[in-house]
Amino acid sequence: MKANDVRTSFLTFFEERDHKIVRSAPVFPKDDPTLLFTNAGMNQFKDVFLGTGSRPWSRAVDSQKCIRVSGKHNDLEEVGFDTYHHTFFEMLGNWSFGDYYKKEAIRWAWELITDVWKLPKKHLYATVFREDDEAEELWKKVTDITSSHVMRFDEKDNFWEMGDTGPCGPCSEIHIDLGEGACDRQHVRGHVCGVNGGCSRFIELWNLVFIQYNRDAGGTCTPLPSKHVDTGMGFERAVAVLQGKDSNYQTDVFMPLLEAIADLTGTSFRDRQLLPAFRVIADHVRTLAFAITDGALPSNEGRGYVLRRILRRGARYGRNLGMRDPFMYKLVDVLGGMFADAYPEIGERTEHTVHVIRAEEERFNDVLDRGIEIFETAAANAVKRGEGVISGHDAFQLYDTYGFPLDLTQLMAREKGLEVDEQGFSAALELQRETARKRGKFTNAEEIEWQEIHAAGPAVFLGYDRLVTRARISKYRLTGAGVEIVLDETPFYAESGGQIGDTGFISGDGFKLHVTDTVKNGDHIVHIGAFVEGDTITCTDVEAVVDASRRLSIARNHTATHLLHRVLKNTLGDHVNQAGSLVAPDRLRFDFTHFEAIESGLLDTIEAQINDLIRKNTPLTIEHSSLDDARARGATALFGEKYDDEVRVVSIADFSMELCGGTHVDRTGEIGSFRILREEGIAAGVRRIEAVTGEGAERLSREEKHLIQEIEAVLNCRREEIAGRVADLIRDKKETERALQKLQTLSAADEAAALLDTADSIDGVTLVRAVVSVDSIDGFRALGDKLREKLVSGVGVLGTRLEDKVNFLCVVTDDLIKRNVKAGDIVRAVAARAGGSGGGRPHFALAGGKDADKLEEAVAGALDILQETLRDQR
């Protein structure tokens, strides 16, 4: 039987038994963060097993595309060195969702492989979980298998689980004895062939899983709401057995690929030394083609990095066959022909897949040869040291500089009988990450490489006519802070001409991005955003949706900017020219050449003229013409701007005509209204007006109305009386402040006189030291001034608390200043005792303290400080 016939016969057998033929799910699961890749046929039915989902049928059969290169189910290291392990494979399976159970599953499995496929019964074995008496009894009851060929095994071999958590249950495996000659461990002393014996003589053919539990993170198994059957048969192994081949690679599943590789490389897969390279390349190109066809892309994270590792592993094996130029991409056409019936998407997306693989090969080829040289040197050094271990530093250099995944370095090391210092590698990697985090490296998108999907031509902008479109990703990069994407065409406007970039959403199967900005990068439009669903790019076909409300607000402000420009010219003179602008959804900012401030009355006139133009609801005309023709017709061009030969001309009747690539409303009435917020100078000869339109103008009017209503309520007056009432309040306030100042002066004089009564005398010098209570720093100063007036010859040191802050003050009379006693020195020393500092002039100085609890202690310490100061003057 040919491979396609095997697949068809399996599906037909179960279809005849009321099973629904279900299409394979993609090779990476949607909405399942626990899996990078679909690694079993049951992945797409996980919700059914958990009781969170359902299907319109209770029996199903399929051939599922699977990848096993990560986590618990990882076959990468075995690929190429045995006859049956693969990173990509098909899983033939039949399913029962709460319908039939062990009896039917066992009977039908036996019927298919013995009655339909005619496999010899004497070479078949069945294993069951050591505690599963029911399954053992059924094998002996509903089939004619040799009784001694039913064997019990422990949990390691006969208890199936999808991962560390999730659906699980006992399983029964069907094995086949391929004969003594199939054993690949005959050279191992003491080896005995047997089921689960670790050699290729007895191989597992089919696994019948009886899913009845769900394992949680703590390892506890709880019964599922319903019992299910999940069977899985490795398609490639089944084909090899049915075609009587010793190796999966000898079947028509792989032979066309091996022959194509031989043609490309001019080598032979019959050379046993080269055979592993042929196997690895054939296997890896299958994984890459199916994954990329389903929408996965090589990258530096997650499943994307797994694909990059696989491709680079394959490229390195290409060197073993003498291939120094990209070549794996040429095998995709072969796959398209092989799977035209079973998986037509491979052929339909060949061009895309070819481009992705070729780009990746080219990128790695640039450094592969140099990396191999570095590896050879590192390996030689390891041998010279007599350690047999390639240092973690060398392995990290290969990874960081030459893109060698650690497992590739380990593979090359094993070929030389060496090991790699994994701990040293991990330490070097973590050091780099920590250094990068400190430097903010992961937030600098310019240092991150673009992942190119297909050649990105000049930007195709569709946003003048539509805000939603289907598109394809041309390239992208994950920046740490988010993601940047270039589409083949887009409705998103990129920041240009003062108009800021659009926002919105880009969605694909398995992910959704919130686009927070859109910018130009050369000829490309770059969408900058962050994931709101998913955490990586899982497909290239997307829907791009611009935030329509925001875009309309921007359009209102942009058209209003054109009106403002023309009204300013008409009102102020032709010397007015645009000197800059910002067109955002919430406001507009217009910079223009003008030599003086615009008085408020004239600003009112300008605002009124613009609102009059808005009310006329004049239609806009947008056309394309030659630059010369547009200028000849009087179109306004920005000074210093470089225009193409063909330009876009935006006209508002015969009032305004400008060269502009931005987005606008269809009629001026859509602007709603226009309000000027402020006018100010920003540079010599340049003024700036900020304004709002539409909802922003309405919001401003509401805020002003509410503010006036509040003022009316507070002042208990009508609107027209507010100005007079405020003038009265200001006059009253000034009079009150003058009266209060007189009172504070009198109070300070009285308090200063009282403080003198508490003074100390040191060698004939009067010292006043006290903690006082004041209302403000000005009152504190006034008290210090009055104290100095009252002192005939002396020093005053005061402290106070104001708004949880500690303040100190020192005054010195003129005679002591002549003796080099300075207020700044004394107050600095006092404040230091409260953890503070300060200074000032010789006769008056202020300081602050940090420790409020030491206020009194610091002021008291002025005695010691003054004594020491006077002693130093002797």
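Coordinates for the structure precede this section.
Residues numbered from 1 in each chain as written. Predicted model: local features only at pLDDT ≥ 70, side-chain atom pairs only at ≥ 80, totals over all residues. Heavy atoms only, no water.

(A) Summary view of the overall build of the chain. A count of helices and strands for the chain gives 25 helices and 33 strands. For the chain, the C-alpha radius of gyration of 42 Å lies well beyond 29 Å, the compact-globule estimate for 874 residues. Relative to all contacts within the chain whose residues are 6 or more apart in sequence, the contacts with residues 24 or more apart total 66%. Of the roughly 40700 Å² of accessible surface on the chain, 46% is carried by carbon and sulfur atoms. Here the chain carries 109 positive and 141 negative side-chain charges, and the mean point of each set is 2 Å from the other. (Helix = DSSP H or I, 4+ residues; strand = E, 2+ residues; numbered from the N terminus. Rg over C-alpha atoms; globule rule 2.2 N^0.38 Å. Contact = heavy atoms within 4.5 Å. Areas by Shrake-Rupley, 256 points an atom, 1.4 Å probe, with all protein chains shown as cover. Lys, Arg positive; Asp, Glu negative; His and termini not counted. Charge placed at Lys NZ, Arg CZ, Asp CG, Glu CD.)

(B) Examining the packing of aromatic side chains more closely. Inspection of every chain in the model, using the stated rule, returns 27 aromatic pairs. What links up through ring pairs into an aromatic cluster is the set Phe10, Phe13, Phe14 and Trp206. Stacked on the ring of Phe13, the Lys or Arg Arg17 has its end atom at 3.6 Å from the ring centre. The side chain of Arg316 reaches across the aromatic face of Tyr317, ending 5.7 Å from its centre. (Phe/Tyr/Trp six-rings, centres within 6.5 Å; stacked < 30°, edge-to-face > 60°. Lys NZ or Arg CZ within 6 Å of the ring centre and 35° of its normal.)

(C) Inspection of a negative patch on the surface at higher detail. The grouping of Asp628, Asp644, Asp645 and Glu646 at the surface amounts to a negative patch. Here Asp644 shows up in the loop between α18 (627–632) and β24 (646–652). Taking relative accessible area as the criterion, Asp644 reaches 58% and is therefore assigned exposed. (Patch = residues over 30% accessible without salt bridge, like charges linked within 9 Å, V, L, I, M, F, W, Y side chains within 5 Å. Salt bridge = Lys/Arg side-chain N within 4 Å of Asp/Glu carboxyl O. Buried < 20%, exposed > 50% of the residue type's maximum accessible area, 1.4 Å probe, protein only.)

(D) Focus on the pattern of salt bridges. Under the defined criterion, the tally for this structure stands at 45 salt bridges. Here Glu236 and Arg286 are joined by a salt bridge, their closest N and O atoms 2.8 Å apart. A residue pair is termed long-range when its members are at least 10 positions apart, and Glu236 in helix α6 (residues 235–242) and Arg286 in helix α8 (residues 275–293) qualify at 50 residues. The exposure classification of Glu236 matches that of Arg286, with both residues buried. Linked through salt bridges whose partners overlap, the residues forming this network are Asp133, Glu136, Lys140 and Arg152.

(E) Focus on the environment of Gly662. Following the sequence through the fold, Gly662 ends up in the loop between β25 (656–659) and β26 (674–683). Put simply, Gly662 and Gly169 are 493 residues apart on the chain and 62 Å apart in space, counted from C-alpha to C-alpha. Contacts of Gly662, omitting those with residues within four sequence positions, involve Tyr464, Tyr493, Gln499, His558 and Arg648.

(F) View of the packing of helix α9 (residues 302–320) against helix α14 (residues 406–415). At a minimum axis distance of 10 Å, the contact between α9 and α14 shows a crossing angle of 30°. Considered as vectors, α9 and α14 are oriented roughly parallel to each other. The hand of the α9/α14 crossing is right-handed. Mapping the contact onto sequence places Arg309, Arg312, Arg313, Arg316 and Tyr317 in α9 and Asp407, Leu408, Leu411, Met412 and Glu415 in α14. For the contact of α9 with α14, a count of residues per class yields 4 nonpolar, no polar and 6 charged. (Axes fitted to C-alpha atoms, helices over the stretch in contact; angles between N-to-C directions. Parallel < 35°, antiparallel > 145°, perpendicular 65-115°, else oblique. Left-handed = near helix turned anticlockwise from the far one by under 90°. Nonpolar A, V, L, I, M, F, W, Y, C, P; charged D, E, K, R; others polar.)

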